[in-house]
Amino acid sequence: NHPFLVLKRNGRGKKNNFIWKTLQDLKLGDEVVTLKRVKDERPYEFAFQKAEKGDYKVNKINPVNIPDSSSPDMMKYLGLYVGDGWTREEKAEVGFALPQGTLERNEFLDLHNRLFGCKITQDNMYVYARSVNLARFISSLGFRKGAKNKIIPDWVFTLPEEQRLSFIEGLMLS
């Protein structure tokens, strides 16, 4: 259900345009827009200041590791977030719609543990991390909230190819 930007050729002498197509609407021969190279590709440095107990509306802090910069694992996690995740800062919650027993959930749990090391709550359909710092961190990265409002921020396109591919891998897992 994630759209792809495709070049629509309108015939000789007519102006071509770009359209969005879902995977099911793609046809053999469609020209999907891709990013090839960007000058000065480098990991993205996160400028995030952790909240502390006693800060405004913070009365409990669950320990969490917040990375200083992007990495392949971080970008795969964020790809999963864009596809199936949400944040609720007011509830100090990061959640993912990943059904129990799926490859996607197992991959997510492994990534989450390696990256953040904070406790996870699970039920049959969802996985939750309850951390004010994790919710604020992910919200600070510019992906926006809500399935219809999410975007891929510009900084993702400036990452090294390995990290961009990991982001796409995460999206494809979602």
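Cut-off values and rules
Residues numbered from 1 in each chain as written. Predicted model: local features only at pLDDT ≥ 70, side-chain atom pairs only at ≥ 80, totals over all residues. Heavy atoms only, no water. Helix = DSSP H or I, 4+ residues; strand = E, 2+ residues; numbered from the N terminus. Buried < 20%, exposed > 50% of the residue type's maximum accessible area, 1.4 Å probe, protein only. Pairing = 2+ DSSP bridges. 1 Å grid on protein atoms, 1.4 Å probe; cavity = no way out; pocket = protein on both sides within 12 Å on 5 of 7 lines; lining within 4 Å. Points joined across faces, edges and corners; volume = space filled by probe spheres on them. Nonpolar A, V, L, I, M, F, W, Y, C, P; charged D, E, K, R; others polar. Axes fitted to C-alpha atoms, helices over the stretch in contact; angles between N-to-C directions. Parallel < 35°, antiparallel > 145°, perpendicular 65-115°, else oblique. Left-handed = near helix turned anticlockwise from the far one by under 90°. Contact = heavy atoms within 4.5 Å. Expected span 1.5 Å × (residues − 1).

Within the secondary structure, Gly 29 is located in the loop between strand E2 (17-21) and strand E3 (31-32). Judged by its relative accessible area of 63%, Gly 29 falls in the exposed class. Separated by 119 residues in the primary sequence, Gly 29 and Lys 148 have C-alpha atoms spaced 28 Å apart.

What follows deals with the sheet that holds E2. In spatial order, the strands read E2-E1-E3; together these 3 strands make up an open sheet with antiparallel pairing. Single-partner strands in this sheet number two, and they are E2 and E3. Sheet topology places strand E1 (residues 4-8) next to E3; 2 bridges connect them, and they run antiparallel. From the neighbouring strand, Val 6 faces E3, where its bridge partner is Val 32.

Quick look at the layout of surface pockets now. Gaps left between atoms are located by rolling a probe of water-molecule size over the structure's atoms. There is about 270 Å³ of room inside the second largest pocket. Along the walls of the second largest pocket sit 14 residues, with Lys 57, Glu 89, Glu 90, Ala 92 and Val 132 positioned nearest its centre. Of the residues that constitute the lining of the second largest pocket, the class distribution is 4 nonpolar, 3 polar and 7 charged.

On to the sheet that holds strand E4 (residues 85-88). Taken in spatial order, the 4 strands make up an open sheet running E4-E5-E7-E6, and their pairing is antiparallel. Edge strands, defined here as strands with exactly one partner in the open sheet, are E4 and strand E6 (120-122). When the angles between neighbouring strand axes are averaged without regard to direction, this sheet yields 20°.

Quick look at the packing of helix H1 (residues 72-84) against helix H2 (residues 103-115) now. Contact geometry of H1 with H2 gives a least axis separation of 10 Å together with a crossing angle of 130°. Relative to H2, the element H1 lies oblique. Two packed elements cross with a definite hand, and for H1 against H2 that hand is left-handed. The segment H1 lies against H2, with Asp 73, Met 74, Lys 76, Tyr 77 and Leu 80 engaging Glu 107, Phe 108, Leu 111, His 112, Arg 114 and Leu 115.

Let us now look at H1. Along its 13 residues, H1 runs 18 Å from first to last C-alpha, staying within 8% of the 18 Å computed at 1.5 Å per residue. Most of H1 is tucked away: 10 of the 13 residues are buried. Here H1 has its buried residues at Met 74, Met 75, Lys 76, Tyr 77, Leu 78, Gly 79, Leu 80, Tyr 81, Val 82 and Gly 83. In this structure, the buried residues of H1 make contact with E4, strand E5 (93-97), H2, helix H3 (132-139) and helix H4 (161-173).

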